[in-house]
Amino acid sequence: MPSPFLIVAIDGGAASGKSSTSRALSERFDFLHADTGSYYRAVTAELLRRGVATGSVDAVRAALGTLALSTRVEGRSARMEIGGRIVPEAEIRSPAVNAAVSHFAAIPEVRAALLAYQRGQAEVARERGFRGLVMEGRDIGSVIFPDADFRFFLHADPEERARRRAREGQTDSIAERDRLDTSRKTAPLTCPPGAIDIDSTFMTLDEVVNRITGMLATRLSPVA
Ligand code: CDP
Ligand code: CDP
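Conventions and cut-offs
- Residues numbered from 1 in each chain as written.
- Chains lettered and ligands numbered in written order.
- Predicted model: local features only at pLDDT ≥ 70, side-chain atom pairs only at ≥ 80, totals over all residues.
- Heavy atoms only, no water.
- Helix = DSSP H or I, 4+ residues; strand = E, 2+ residues; numbered from the N terminus.
- Rg over C-alpha atoms; globule rule 2.2 N^0.38 Å.
- Buried < 20%, exposed > 50% of the residue type's maximum accessible area, 1.4 Å probe, protein only.
- Contact = heavy atoms within 4.5 Å.
- Areas by Shrake-Rupley, 256 points an atom, 1.4 Å probe, with all protein chains shown as cover.
- Lys, Arg positive; Asp, Glu negative; His and termini not counted.
- Charge placed at Lys NZ, Arg CZ, Asp CG, Glu CD.
- Polar contact = N/O pair within 3.5 Å; in protein donor to acceptor, adjacent residues only side chain to side chain.
- Near = heavy atom within 4 Å.

Draft legend 1. Summary view of the overall build of the chain. Summing up its helical and strand segments, the chain has eleven helices and seven strands in all. The C-alpha radius of gyration of the chain comes to 17 Å, within 12% of the 17 Å expected for a compact globule of 224 residues. Along the longest, intermediate and shortest principal axes, the C-alpha atoms of the chain span 50 × 40 × 30 Å. Burial statistics for the chain: of 224 residues in total, 50% are counted as buried. Intrachain contacts of the chain at a sequence separation of at least 6 include 79% that bridge at least 24 residues. By element, 54% of the accessible surface of the chain is carried by carbon and sulfur atoms, the whole surface being about 10,200 Å². Averaging the coordinates of the 30 positive side-chain charges in the chain and doing the same for the 29 negative ones gives two points 1 Å apart.

Shown next as structure tokens:
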């Protein structure tokens, strides 16, 4: 029997472990990894570079049509290109982007502009011969892939998440982003019905990855 192509959605608040978990799963199962937070961050960096303010929805709308989004696959990572350029990591993790990203992400037009792009990553994964797609974000299991084969929601106490970010040497407005992400009208951060909830406050990264691996392995054998 041919192997299934799996779509795995991983959602959760800031520093809940989405990226490290998704990256590890992409290696264990040979999945393409799409970090949609980095997509929102790249678009935010580009809008800020063009002088678009978070409050000026008309200017945001005008800019969105001119972004020219494409994808570059590097290893197992699906990176967003804007006008053929990958926005450098230092820029997308900058304090200015940390402060602005949730404001741009709350604008329905911004979310609509990224919807088809994000769904299109499944096609990119198939074309490149990956065995599936692991996509992380805030609304992957609720809006982007509500029919994903597996949908996970990662929790961790806010104090633990702040400690995790601090260990990485980052200044980040985690609590404020969570507040904005949870309270926005369009695609708020929430654990959708039917998603598998994992509280990782007292779990190591390996324990989280092993638990998810055990569930995915009922459908597809790990390669690593
Ligand atoms: O890495 P961290 O969890 O701190 O954040 P991120 O995943 O890089 O996402 C940055 C911001 O993008 C979030 O705070 C959300 O405002 C927005 N985002 C979103 O609205 N929807 C997604 N699917 C992913 C990110
Ligand atoms: O992508 P997200 O912002 O949700 O979190 P991350 O960047 O994957 O994880 C933030 C930090 O927490 C990283 O340094 C991870 O190694 C660490 N982490 C942890 O200590 N325990 C876990 N169970 C998961 C992540």
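Read on for the rest.
Draft legend 2. Expanded view of the side chain of Glu81. The residue Glu81 is located in strand β4 (residues 77-82) in this model. A relative accessible area of 11% means that Glu81 is categorised as buried. A polar contact is formed between the side chain of Glu81 and the side chain of Arg72, at a distance of 2.6 Å. Excluding its chain neighbours within four sequence positions, the residues that come into contact with Glu81 are Ala68, Leu69, Ser70, Thr71, Arg72, Ile86 and Tyr117.

Draft legend 3. The arrangement of the site of ligand 2 in detail. Taken together, 16 residues sit near ligand 2, with Ala15, Lys18, Ser19, Ser20 and Glu168 positioned nearest. At 2.5 Å, a side-chain N or O of Ser20 approaches an oxygen atom of ligand 2. In the model, a nitrogen atom of ligand 2 is placed 3.5 Å from a nitrogen or oxygen of the Leu205 main chain. When ligand 2 sits alone it has 540 Å² of accessible area, and the protein chains cover 81% of it. Those elements that place two or more of their residues in the shell around ligand 2 are α1 (18-29), α9 (158-167) and α11 (205-216).

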